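Structural description and commentary
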Amino acid sequence: MHLLTGSGFASKQSFGSGFFHLRIKLPNKNSAGVVTAFYLSSQGNNHDELDFEFLGNGEGKPITLQTNVFANGEGNREQRLTLWFDPTSDFHTYKILWNQHQIVFYVDNIPIRVYKNNRNIGVSYPSQPMQIQASLWDGDSWATDGGQTKIDWSNAPFKAHFEGFDIGGCSSSNGNIDQDCYDSKYWWNAKKFWKLDSAQQRAYENVRRQYMNYDYCADRPRYPTPPPECLNL
C-alpha cells in the first residue's frame, strides 16, 4: 500500500454458507492507521458482511483485531480485542464459520466471537450470498487511537502477506441460501457445528475475559438498552 493506493483480492464466486480459512502476516513496520482486512461481503443495498479488521499501530504497540457483523444493511456490532501474539512476526490462521445456526470467528482454531442466528426474536442474520475478500487500506481517519494517530508514509509501502486460502463453501448465485446452502449434505452444517463444544466454550470465554477491550453489547452510552442478540450470548 502506497499513499494513493490500497490493494486487495476477492473470490470469483459468492457463497451462502461455509468454513473459510486464510493465513495472514500483518505489515511489520510502524503501521498506525493501516487496516488489513479479511471478510465476506454481499453486493448491493442492505448488504451482509462478516469482518476481520486488523487495526495497525505504532511499532511495538499492540494491534487491535476488530470484528463486525452486518445483516440486512445493519452493522455497528463491533467487538475489539488485542491478540496474545505478535501478528506481524509470522503467519496465523483466521477462520469464519457460517451456517444456519451460528457464525464463529476463529484465531488459530480458538473461537473469539460467536454470532447466533436469532431470527426468532427479530434479529437480522446474513441471508445473501457473500464474496470472500481481503484488502489493505488507509483507515487513519479512525483506526488507531480513534483517528488521532495518522499513517507515517515514510514507512511505505506497507505489505500484508496471505497464504493458505482454503474454502469449504456452498457456491450460490440465486440468493435462496436457506434452501440451497443450509442442507445437511455440507459438512459445516452438521450438528457438531451448531454450537461450540465444551472445550471451545472455555477457550472462547477465556479470550473474552482476558483480551477483549470493547464489546458493543456492553456499550451503555451507545446502547442504553442492549440489542436483543446480546441477551442470548
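The following refers to the structure shown. (Residues numbered from 1 in each chain as written. Predicted model: local features only at pLDDT ≥ 70, side-chain atom pairs only at ≥ 80, totals over all residues. Heavy atoms only, no water.)

Side note on the overall build of the protein
What the protein contains, in helices and strands, is 2 helices and 11 strands. Helices and strands appear in the protein in the N-to-C order β-β-β-β-β-β-β-β-β-β-α-α-β. Taking 233 residues into account, the globule formula puts the C-alpha radius of gyration at 17 Å, and the protein, at 17 Å, falls close to it. Principal-axis analysis of the C-alpha atoms gives the protein an extent of 50 × 40 × 35 Å. Taking the contacts inside the protein whose residues are at least 6 apart along the sequence as the reference set, 67% of them involve residues at least 24 apart. For the protein, the exposed surface amounts to about 11100 Å²; the carbon and sulfur share of it is 46%. Side chains of the protein give 22 positive and 24 negative charges; the mean places of these two sets differ by 5 Å. (Helix = DSSP H or I, 4+ residues; strand = E, 2+ residues; numbered from the N terminus. Rg over C-alpha atoms; globule rule 2.2 N^0.38 Å. Contact = heavy atoms within 4.5 Å. Areas by Shrake-Rupley, 256 points an atom, 1.4 Å probe, with all protein chains shown as cover. Lys, Arg positive; Asp, Glu negative; His and termini not counted. Charge placed at Lys NZ, Arg CZ, Asp CG, Glu CD.)

Some thoughts on the state of the cysteines
Here the structure, examined in full by the defined rule, presents 2 disulfides. Two residues share a disulfide in this structure: Cys170 and Cys181, whose sulfurs sit 2.1 Å from each other. Linking Cys170 and Cys181, the disulfide has an S-S dihedral of approximately -65 degrees and is accordingly described as left-handed. Placement of the pair is Cys170 in strand E10 (residues 161–171) and Cys181 in the loop between helix H1 (177–180) and helix H2 (198–211), with a sequence separation of 11 residues. In this structure, Cys170 and Cys181 share a single accessibility class: buried. One disulfide in the model links Cys217 with Cys230; its S-S distance is 1.9 Å. Judged by the torsion about the S-S bond (-75 degrees), the Cys217/Cys230 disulfide is left-handed. Here Cys217, found in the segment after strand E11 (212–215), pairs with Cys230, found in the segment after E11; they are 13 residues apart in sequence, far enough to count as distant. (Disulfide = S-S within 2.5 Å. Buried < 20%, exposed > 50% of the residue type's maximum accessible area, 1.4 Å probe, protein only.)

Examining the pattern of salt bridges
Tallying each qualifying case throughout the model produces 6 salt bridges. The residue Glu74 makes a salt bridge to Arg77 at a minimum N-O spacing of 3.8 Å. Classification of Glu74 as partly exposed rests on a relative accessible area of 45%. The class of Arg77 is buried, set by a relative accessible area of 2%. A salt bridge links Arg222 to Glu78; the shortest N-O distance between them is 2.8 Å. Pair noted here: Arg222 is in the segment after E11 and Glu78 is in the loop between strand E4 (64–70) and strand E5 (79–82), with a separation of 144 residues, a long-range link. Its relative accessible area of 32% is what places Arg222 among the partly exposed residues. For Glu78, a relative accessible area of 12% gives the class buried. One salt-bridge network, in which partners are shared between bridges, spans Glu74, Arg77 and Glu229. (Salt bridge = Lys/Arg side-chain N within 4 Å of Asp/Glu carboxyl O.)

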